[in-house]
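# Architecture and fold: a report
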Amino acid sequence: VRDLRHSGDLARTDGVWVWQGIAGTSQRLLDVVAHDVAYVSDDVRALLEEIALGGPRPLHAVLDEHPRSAVQELLALGLVSRSEDGADGGPTEVVLRITHPLYGDAVASHTSAQRQREVLQRAVASYVARVGTPDDLLRWVNRALTHGVPVPAHVLRDGYEAAMERLSRPTAVAFATEM
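Residues numbered from 1 in each chain as written. Predicted model: local features only at pLDDT ≥ 70, side-chain atom pairs only at ≥ 80, totals over all residues. Heavy atoms only, no water.

With that settled, consider the environment of Y39. Structurally, the position occupied by Y39 is in the loop between α2 (27-37) and α3 (42-54). On a C-alpha basis, the gap between Y39 and L74 in space is 12 Å, while along the polypeptide they are 35 residues apart. (Helix = DSSP H or I, 4+ residues; strand = E, 2+ residues; numbered from the N terminus.)

Below, the structure is given as structure tokens:
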């Protein structure tokens, strides 16, 4: 808040605080996330990177690859949350997602480009159906394309539909162009 006030993006007008800026990742947020993950184990850091960069993941799939203690630690740190979502209208299941999209940017800023590509390639390869919100899908598919990860047409098609749901025509056009 202090950073926003100082930059002029948050101003008080007639007794009401109004945010006039664009959401972005501030250095302070990067520092907070770096502090929160500075002392976590490699298992915890790997799981955080997978969820922050590759999008929400069903809890059962996470527990197939990561220790329960890693999930518990991320939940306790408040970097990951759990919710019940249905994959493309299917039955609901417990899904882990990054607590806030800006945390994904902060995690990305502390993750090598090679590791980001590895995580995104796994996310693309394991994609069966959309899990999470349209915004979740848009974030990780955009990130994959930005990192030069080939995205199959069926994933781009789901991304296109998510972009149209969000009335994000430029993103929808970009995904359609990639198909």
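From this point on, the discussion continues.
The next thing to look at is helix α9 (residues 153-165). With 13 residues, α9 extends 18 Å between its outermost C-alpha atoms, agreeing within 8% with the 18 Å of an ideal straight helix rising 1.5 Å per residue. Against the buried residues of α9 lie α8 (134-146) and α10 (169-178). Where α9 ends, the next residue or the one after it, L167, has phi of about 55°, a positive value. (Expected span 1.5 Å × (residues − 1). Contact = heavy atoms within 4.5 Å.)

This part covers the pattern of salt bridges. Counting across every chain of the model gives 11 salt bridges. Between R57 and E65 there is a salt bridge; the shortest N-O distance is 3.5 Å. Classification of R57 by relative accessible area gives buried; the value is 13%. Under the relative-accessibility criterion, E65 is labelled partly exposed at 42%. For the salt bridge of R115 with E118, the shortest nitrogen-to-oxygen distance reads 4.0 Å. A residue pair is termed a helical-turn pair when its members lie 3 or 4 positions apart in one helix, as R115 and E118 do in helix α7 (residues 113-126) at 3 residues. A relative accessible area of 34% means that E118 is categorised as partly exposed. Residues joined in a network through salt bridges with shared partners are E49, E50, R57, E65, R115, E118 and R122. (Salt bridge = Lys/Arg side-chain N within 4 Å of Asp/Glu carboxyl O. Buried < 20%, exposed > 50% of the residue type's maximum accessible area, 1.4 Å probe, protein only.)

Three or more residues of α2 are buried, namely L29, L30, V33 and V37. The buried residues of α2 occupy one face: seen down the axis, they fall within an arc of 100°. Seen from the open side of α2, the exposed residues pointing more than 90 degrees away from its buried face are Q27 and H35. Buried positions along α2 lie against α3 and α6 (101-109). (Arc of directions from axis to C-beta.)

Right, let's get into the packing of α3 against helix α5 (residues 68-77). The description of two packed helices rests on the angle between their axes and on the distance between the axes. With their axes 9 Å apart at the nearest point, α3 and α5 run at an angle of 70° to one another. Judged on the interaxial angle alone, α5 and α3 are roughly perpendicular. Our pair here, α3 against α5, has a crossing hand that is right-handed. Contacts from D43, V44, L47 and L48 of α3 reach α5 at A70, V71, E73 and L74. Residue composition of the contact of α3 with α5, by class: 6 nonpolar, no polar and 2 charged. (Axes fitted to C-alpha atoms, helices over the stretch in contact; angles between N-to-C directions. Parallel < 35°, antiparallel > 145°, perpendicular 65-115°, else oblique. Left-handed = near helix turned anticlockwise from the far one by under 90°. Nonpolar A, V, L, I, M, F, W, Y, C, P; charged D, E, K, R; others polar.)

For the coordinates displayed, the defined rule picks out 1 aromatic pair. Ring plane angle 55° and centroid distance 5.8 Å describe the contact between Y127 and W140, whose orientation is recorded as tilted. With Y127 in the loop between α7 and α8 and W140 in helix α8, this pair connects stretches of sequence that are 13 residues apart. W140 matches Y127 in its accessibility class, with the two residues each being buried. (Phe/Tyr/Trp six-rings, centres within 6.5 Å; stacked < 30°, edge-to-face > 60°.)

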